[in-house]
Amino acid sequence: MTQIIAVAMQKGGVGKTTTTVNLAAALTEMGKRVLAVDLDPQGNLTQHCGFDPDRVSPTIYDAMKAEIEGYENRVAASIYPTAESFHLLPSQPELSMTELALINTLSRERVLWTVLEPIAGRYDYILIDCNPSLGLLVVNALTAANSVIIPIQAEYLAARGALMILSSIETVRRKKLNPDLSIAGILLTMADTRTLLAQEVREAVTAQYGNSIYIFETLVRRSIRFAESAAAGQSILAYDSKSQGADAYRQVAHELLRRIR
Ligand SMILES: Nc1ncnc2c1ncn2[C@@H]1O[C@H](COP(=O)(O)OP(=O)(O)OP(=O)(O)O)[C@@H](O)[C@H]1O
Ligand SMILES: [Mg+2]
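Because the structure is predicted, anything quoted here is derived from the model rather than measured. (Residues numbered from 1 in each chain as written. Chains lettered and ligands numbered in written order. Predicted model: local features only at pLDDT ≥ 70, side-chain atom pairs only at ≥ 80, totals over all residues.)

A. Main features of the overall build of the chain. In terms of regular secondary structure, the chain is built from 11 helices and 7 strands. At 17 Å, the chain has a C-alpha radius of gyration in line with the 18 Å of a compact globule built from 261 residues. Once the C-alpha set of the chain is aligned to its principal axes, its extents read approximately 55 × 40 × 30 Å. The buried share among the 261 residues of the chain stands at 48%. Intrachain contacts of the chain at a sequence separation of at least 6 include 76% that bridge at least 24 residues. (Helix = DSSP H or I, 4+ residues; strand = E, 2+ residues; numbered from the N terminus. Rg over C-alpha atoms; globule rule 2.2 N^0.38 Å. Buried ≥ 20, exposed ≤ 12 C-beta atoms within 10 Å, placed from the backbone. Contact = placed C-beta atoms within 7 Å.)

Set out below in structure tokens:
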């Protein structure tokens, strides 16, 4: 059975894309068949996988556009093998127009699912990298997914409205768009180990959400290797296989498999 996992959080720069690419690499290393989906018009995941979002064509934009306009979407043509053996369904800047086009589309929340359905069976895991918003693209991801990973910067959780994504998840369940959507967990990223803050935040999060939401035991620490690997168009597992960051995402993958098996 294919597991579709959305990596979503309304705040920008919390590690969604980093989590998607490195989890894809870690699951691939474990012998799983993985598809990474870039659902962000910024195209960061596409770039991180070594493709140019301004040049790669066709992309998820073409598949969703076809579906919205009632043509055959031919999504398989938009899937590319990466150098690290998982597959990528890339994005391009025009995907930002899809958000608008969706508004007047019938079953607008289910377009992504309709696009993914014919190819889902080819994979064990499909990871969807979301844009930092609570808009229709994210709702499409939440509707298509079995579960959600919520990455969050350890220091940020105390902020007001920090987990607005939870309301979106609740809405998607309540409106019966996806009643069985589960939360795989909150992943604390970019933890600064030189301060005690990360541990304190972890305890605060556990106190606040720990009863209802799983919090990954693995803490992804801050490391310059992440930005370096992104610039190199590689996962951290490929860029520096023995690094702490690579190990962190291997551990996240193991935890995830324990969680959703
Ligand atoms: N653990 C980490 N340590 C240090 N830097 C990190 C870490 N994780 C991610 N980064 C860097 O932080 C920046 C933001 O990360 P990323 O792009 O994954 O966030 P995002 O949530 O996808 O952002 P957006 O909301 O814009 O899509 C990137 O430059 C990335 O390389
Ligand atoms: Mg991103």
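B. Structural detail: the site of ligand 1. In the vicinity of ligand 1, 19 residues are found, and the nearest of them are Gly12, Lys16, Thr17, Thr18 and Pro132. Residue classes in the shell around ligand 1 are distributed as 7 nonpolar, 9 polar and 3 charged. (Near = placed C-beta within 6 Å. Nonpolar A, V, L, I, M, F, W, Y, C, P; charged D, E, K, R; others polar.)

C. Molecular detail of the packing of helix α1 (residues 16-29) against helix α11 (residues 244-260). Contact pair α1 / α11: the axes reach a minimum separation of 9 Å and the direction vectors enclose 70°. Judged by the inter-axis angle, α1 sits roughly perpendicular to α11. Taking contact as the criterion, the partners of Asn22, Leu23, Ala26 and Leu27 in α1 are, on α11, Tyr249, Arg250, Val252 and Ala253. A class-by-class count of the residues in the contact of α1 with α11 yields 6 nonpolar, 1 polar and 1 charged. (Axes fitted to C-alpha atoms, helices over the stretch in contact; angles between N-to-C directions. Parallel < 35°, antiparallel > 145°, perpendicular 65-115°, else oblique.)

D. Region of the structure containing the nonpolar core. One finds Ala8, Ala36, Leu127, Ile128 and Ala141 to be the most contacted residues of the largest nonpolar core, which totals 79 residues. With 7 residues, the top contributor of residues to this core is helix α6 (residues 136-144). Excluding residues within four positions of it along the chain, Ile128 makes contact with Ile4, Ile5, Ala6, Val7, Val37, Leu39, Ala141, Ala144 and Ala145. (Core = buried A, V, L, I, M, F, W, Y, C linked by C-beta atoms within 7 Å.)

E. Fine view of the sheet that holds strand β1 (residues 3-7). Taken in spatial order, the 7 strands line up as β3-β4-β2-β5-β1-β6-β7 in an open sheet, and their pairing is mixed. Since the sheet does not close on itself, it has two edges, and those belong to β3 (80-81) and β7 (182-189), each with one partner. Judged from the 3 bridges that link them, strand β2 (residues 34-39) and strand β4 (residues 87-89) form a sheet pairing that is parallel. The partner of Ala36 across the bridge, within β4, is Leu88. The sheet strands contacting α1 are β1, β2, β5 (125-130), β6 (147-153) and β7, and the helix crosses β5 at an angle near 165°. Against the sheet, α11 touches β1, β6 and β7, its axis set at about 160° to β7. (Pairing = 2+ DSSP bridges.)

F. Representation of the packing of helix α3 (residues 60-69) against helix α5 (residues 111-120). Following both chains from N to C, one finds α3 and α5 inclined at 110°, their axes separated by 9 Å at the closest point. The orientation of α3 with respect to α5, classified from their angle, is roughly perpendicular. Classified by chirality, the crossing of α5 by α3 is right-handed. Seen from α3, the contacting residues are Ala63, Met64, Glu67 and Ile68; seen from α5, they are Val111, Leu112, Thr114 and Val115. By residue class, the composition of the contact of α3 with α5 is 6 nonpolar, 1 polar and 1 charged. (Left-handed = near helix turned anticlockwise from the far one by under 90°.)

G. Quick peek at α5. Those residues of α5 that sit buried are Val111, Leu112, Val115 and Leu116. Taken end-on, α5 shows its buried residues confined to a sector of 115°, consistent with a single buried face. Those residues of α5 that are buried lie in contact with α3, α4 (95-103), β5 and α6. (Arc of directions from axis to C-beta.)

H. Local environment of the environment of Val205. Mapped onto the elements of the fold, Val205 is located in helix α8 (residues 197-209). Separated by 47 residues in the primary sequence, Val205 and Val252 have C-alpha atoms spaced 18 Å apart.

I. Local environment of the environment of Asn22. Looking at where Asn22 falls in the secondary structure, it is placed in helix α1. Sequence separation of Asn22 and Ala246 is 224 residues, and the distance between their C-alpha atoms is 7.6 Å. Once residues within four sequence positions are removed from consideration, Asn22 is found in contact with Ser235, Ile236, Leu237 and Tyr249.

J. The arrangement of the environment of Met1 in detail. Relative to the elements of secondary structure, Met1 occurs in the segment before β1. Classification of Met1 as exposed rests on a count of 6 C-beta atoms within 10 Å. A C-alpha to C-alpha distance of 14 Å links Met1 and Leu116, two positions 115 residues apart in sequence.

K. Broad picture of the pairing of β5. Counting buried positions along β5 gives 6 out of 6 residues, so the element sits mostly inside the fold. What you see with β5 is no split at all: Tyr125, Leu127 and Asp129 on one side and Ile126, Ile128 and Cys130 on the other are buried throughout. As paired elements, β1 and β5 share 5 bridges and run parallel to each other. When the bridges of β5 are listed, Val7 appears paired with Asp129. Here β2 pairs with β5 via 6 bridges, running parallel. For Ala36, the partnering residue across the bridge sits in β5 and is Leu127.

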